[in-house]
Amino acid sequence: MKRIYFLAPDINITQNIVNDLLSADIEERHIHVIGKPGSHLEALPEATFLQKSDFIPALEQGLLLGAATGLFCGLVALILPMGLVLGGGAVLAISTVGAGLGSFSATLVGISADSRRLKQFDDAIKNGEFLVMIDMEEDQIEKIKTIIVMHHPEVDFEGVEPHFFA
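Residues numbered from 1 in each chain as written. Predicted model: local features only at pLDDT ≥ 70, side-chain atom pairs only at ≥ 80, totals over all residues. Heavy atoms only, no water.

A. Examining the overall build of the protein chain more closely. Assigned secondary structure in the protein chain consists of 6 helices and 4 strands. Helices and strands in the protein chain line up, N terminus first, as β-α-β-α-α-α-α-β-α-β. Taking 15 Å as the expected radius of gyration for a compact globule of 166 residues, we find that the protein chain reaches 21 Å, considerably beyond that expectation. Counting only C-alpha atoms and orienting by the principal axes, one finds that the protein chain spans roughly 70 × 35 × 20 Å. Across the 166 residues in the protein chain, those meeting the buried criterion constitute 39%. Partitioning the contacts of the protein chain with sequence separation of at least 6, the portion at a separation of at least 24 is 82%. Entry remark: accessible area of the protein chain is about 9,500 Å², with carbon and sulfur atoms responsible for 62%. (Helix = DSSP H or I, 4+ residues; strand = E, 2+ residues; numbered from the N terminus. Rg over C-alpha atoms; globule rule 2.2 N^0.38 Å. Buried < 20%, exposed > 50% of the residue type's maximum accessible area, 1.4 Å probe, protein only. Contact = heavy atoms within 4.5 Å. Areas by Shrake-Rupley, 256 points an atom, 1.4 Å probe, with all protein chains shown as cover.)

The following block contains the structure:
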């Protein structure tokens, strides 16, 4: 799946975009709207905590860094003569523990941080615009982009996220 971004200037246009998306057979669970704090999104599908925070990217990074660190520590323990006899299973176990600890500690940081992916939209959202995020299959992107831009020329297409964890 890919995620595409649109900035809409007001709540009425945002509601019309959501209606167009629903008419184009995009499920509501794949549509996420972010407005400035205190804005009433009424019947719009508001973005969840996971979509607003850095939880998922932090989890991915922590998992990779923790596994790499655990693997490195396991290999060092194999190579250095410390009186311990370790085999491949021990190295795998150390890597797994490292991955777990890395992902746990990174997600603790990611929970408290705003999404780095959404930083570029902060000023627009603070100025009253609404960010509409749509998760869809790659082959639908051009069709949906064309529908929205044609029906709503005042809306800014902000691009496609190259990597999206569905």
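B. Quick look at the packing of helix α3 (residues 55–79) against helix α4 (residues 88–112). For the pair α3 and α4, interaxial distance at closest approach is 6 Å and the crossing angle is 150°. Compared by their axis directions, α3 and α4 come out roughly antiparallel. For the pair α3 and α4, the crossing hand works out as right-handed. (Axes fitted to C-alpha atoms, helices over the stretch in contact; angles between N-to-C directions. Parallel < 35°, antiparallel > 145°, perpendicular 65-115°, else oblique. Left-handed = near helix turned anticlockwise from the far one by under 90°.)

C. Examining the environment of A106 more closely. With respect to the helices and strands, A106 occurs in helix α4. Judged by its relative accessible area of 16%, A106 is buried. Residues contacting A106, with those up to four places away along its chain left out, are A58 and G62.

D. The arrangement of helix α6 (residues 141–151) in detail. Among the residues of α6, I141, I144 and I148 are the ones counted as buried. End-on, the buried residues of α6 take up no more than an arc of 75°, which puts them together on one face. Pointing more than 90 degrees away from the buried face of α6 are the exposed residues E142 and M150. Where α6 is buried, its residues contact β1 (2–8), α1 (11–23), β3 (130–136) and β4 (156–161). (Arc of directions from axis to C-beta.)

E. Main features of the sheet that holds β1. Read across the sheet, 4 strands follow the order β2-β3-β1-β4 without closing on themselves; strand pairing throughout is antiparallel. The sheet is open, and its two borders are formed by β2 (31–34) and β4, each paired with just one other strand. Across this sheet, the average inter-strand angle for adjacent strands is 20°, counted without regard to direction. The sheet strands contacting α1 are β1, β2 and β3, and the helix crosses β3 at an angle near 10°. Sheet contacts for α6: β1, β3 and β4; angle to β1, the most-contacted strand, approximately 10°. (Pairing = 2+ DSSP bridges.)

F. Main features of the packing of α1 against α6. Where α1 contacts α6, the axes come no closer than 10 Å and their chain directions differ by 140°. For the pair α1 and α6, the crossing hand works out as right-handed. Contact residues: I17, D20 and L21 in α1; I144, I147, I148 and H151 in α6. Of the residues belonging to the contact of α1 with α6, the class tally is 5 nonpolar, 1 polar and 1 charged. (Nonpolar A, V, L, I, M, F, W, Y, C, P; charged D, E, K, R; others polar.)

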